[in-house]
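Listed below are the residues making up each chain.
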Amino acid sequence: MTRFAHSALAALISFLTPLGTSLGFTQAAHAADLAVYTEDDGGVCGESWVLNKITDRFAYQVKHVPHLPDVAITDFHRIHQHRYLPASDEWPIGRRYCGATVSLSDGRDRTIWYLIEEGQGFASIGDNVEFCVSGFDRWMVYNGRCRVLR
């Protein structure tokens, strides 16, 4: 995105902030919006819809998985894409593998790995995002130390 688009998006978000809080969005999601405007933006990996989806789903995860600390993602740093597998005849789903460092509400930084699957959103509309925050994969869904998403 261009700097003008970033500025316009920031103005829109600040305008809609009172609306978002009345609809039940958390403040952590708004903090993640700020991370989109850093210089180390990772292209698609750093887009606001991706970071917001991760932030919202992480908040749900820490609330509903037993024995996880009650923290929230407050910021993203060093966003980067480290692998891209485009869609092809033998691999029909394009995948972007991304990584970053997240700041949590307890003041700690953790590594996060995430995957953006093209065209795999709800009812195949939009893209799907899978993520793993280091130390928060209690049920080993992504194998040890988030290995599946690296």
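Residues numbered from 1 in each chain as written. Predicted model: local features only at pLDDT ≥ 70, side-chain atom pairs only at ≥ 80, totals over all residues. Heavy atoms only, no water.

Chemist: Looking at this structure, I do not really get the state of the cysteines. What am I missing?
Modeler: As used here, a disulfide is simply a covalent bond connecting the sulfur atoms of two cysteines. In this structure the tally under the stated criterion is 2 disulfides. Between Cys 45 and Cys 98 runs a disulfide, and the two sulfur atoms are separated by 1.9 Å. Residues Cys 45 and Cys 98 are joined by a disulfide whose S-S torsion is about -60°; by sign, that bridge is left-handed. Taken together, the residues span a long stretch of sequence, with Cys 45 in the loop between helix 2 (27-35) and helix 3 (48-64) and Cys 98 in strand 2 (residues 95-104) at a distance of 53 residues. Across this residue pair, the class does not change: Cys 45 and Cys 98 are buried. (Disulfide = S-S within 2.5 Å. Helix = DSSP H or I, 4+ residues; strand = E, 2+ residues; numbered from the N terminus. Buried < 20%, exposed > 50% of the residue type's maximum accessible area, 1.4 Å probe, protein only.)

Chemist: When you look at the confidence of the model for the protein chain in this model, what are you seeing that I'm missing?
Modeler: As a general rule, the predicted coordinates of low-pLDDT regions are not to be interpreted in detail. For the protein chain, per-residue confidence averages 79 on the pLDDT scale, and 72% of positions sit at 70 or higher. Here residues 15-41 is a poorly scored stretch, pLDDT under 50, and it has 44 contacts once near neighbours within four places are set aside; other chains count. (pLDDT = per-residue confidence, 0-100. Contact = heavy atoms within 4.5 Å.)

Chemist: Would you mind showing me how to read the environment of Val 71 here?
Modeler: Assignment of secondary structure puts Val 71 in the loop between helix 3 and strand 1 (73-85). A sequence separation of 36 residues divides Val 71 from Gly 107, and the C-alpha atoms of the two residues are 9.4 Å apart. Excluding anything up to four places from it in sequence, Val 71 contacts Phe 58, Val 62, Leu 104, Ser 105, Asp 106 and Phe 136.

Chemist: It is not clear to me how helix 3 should be interpreted in this structure. Could you clarify?
Modeler: The α-helix advances 3.6 residues per turn, and as a result positions three or four apart in sequence lie on the same side. Between its terminal C-alpha atoms helix 3 stretches 24 Å, which fits the 24 Å expected from 17 residues at 1.5 Å a residue. Listed as buried for helix 3 are Ser 48, Val 50, Leu 51, Asn 52, Ile 54, Thr 55, Phe 58 and Val 62. (Expected span 1.5 Å × (residues − 1).)

Chemist: Honestly, the sheet that holds strand 3 (residues 109-117) in this entry has me stumped. Any pointers?
Modeler: Two orientations exist for strands paired in a sheet by backbone hydrogen bonds: parallel and antiparallel. Spatially, 4 strands are ordered 1-2-3-4 in an open sheet, and the strand pairing comes out antiparallel. On the outer flanks of this sheet lie strand 1 and strand 4 (128-133), each paired with one strand and no other. When strand polarity is set aside, the average angle formed by the axes of neighbouring strands in this sheet is 20°. Pairing of strand 1 with strand 2, which is carried by 9 bridges, proceeds in the antiparallel orientation. Counted as the bridge partner of Asp 75 is Ser 103 from strand 2. Contacts between helix 3 and the sheet are confined to strand 1, strand 2, strand 3 and strand 4, with strand 4 contributing the most and set at about 55° to the helix. (Pairing = 2+ DSSP bridges. Axes fitted to C-alpha atoms, helices over the stretch in contact; angles between N-to-C directions.)

Chemist: Sorry if this is basic, but what is going on with the packing of aromatic side chains here?
Modeler: Here a ring pair, both rings aromatic, is described through the centre-centre distance and the interplanar angle of the planes. Using the criterion set out here, one finds 1 aromatic pair in the structure. Seen from their ring centres, Phe 58 and Phe 136 are 5.1 Å apart, and the 65° between their planes marks the pair as edge-to-face. Here the residue Phe 58 occupies a position in helix 3, and Phe 136 occupies one in the segment after strand 4, the gap between them amounting to 78 residues. For the cation-ring pair, Arg 83 lies above Tyr 97, with the distance from its terminal atom to the ring centre recorded as 4.0 Å. The positively charged end of Arg 96 is found above the aromatic ring belonging to Tyr 84, 4.2 Å away from the centroid. (Phe/Tyr/Trp six-rings, centres within 6.5 Å; stacked < 30°, edge-to-face > 60°. Lys NZ or Arg CZ within 6 Å of the ring centre and 35° of its normal.)

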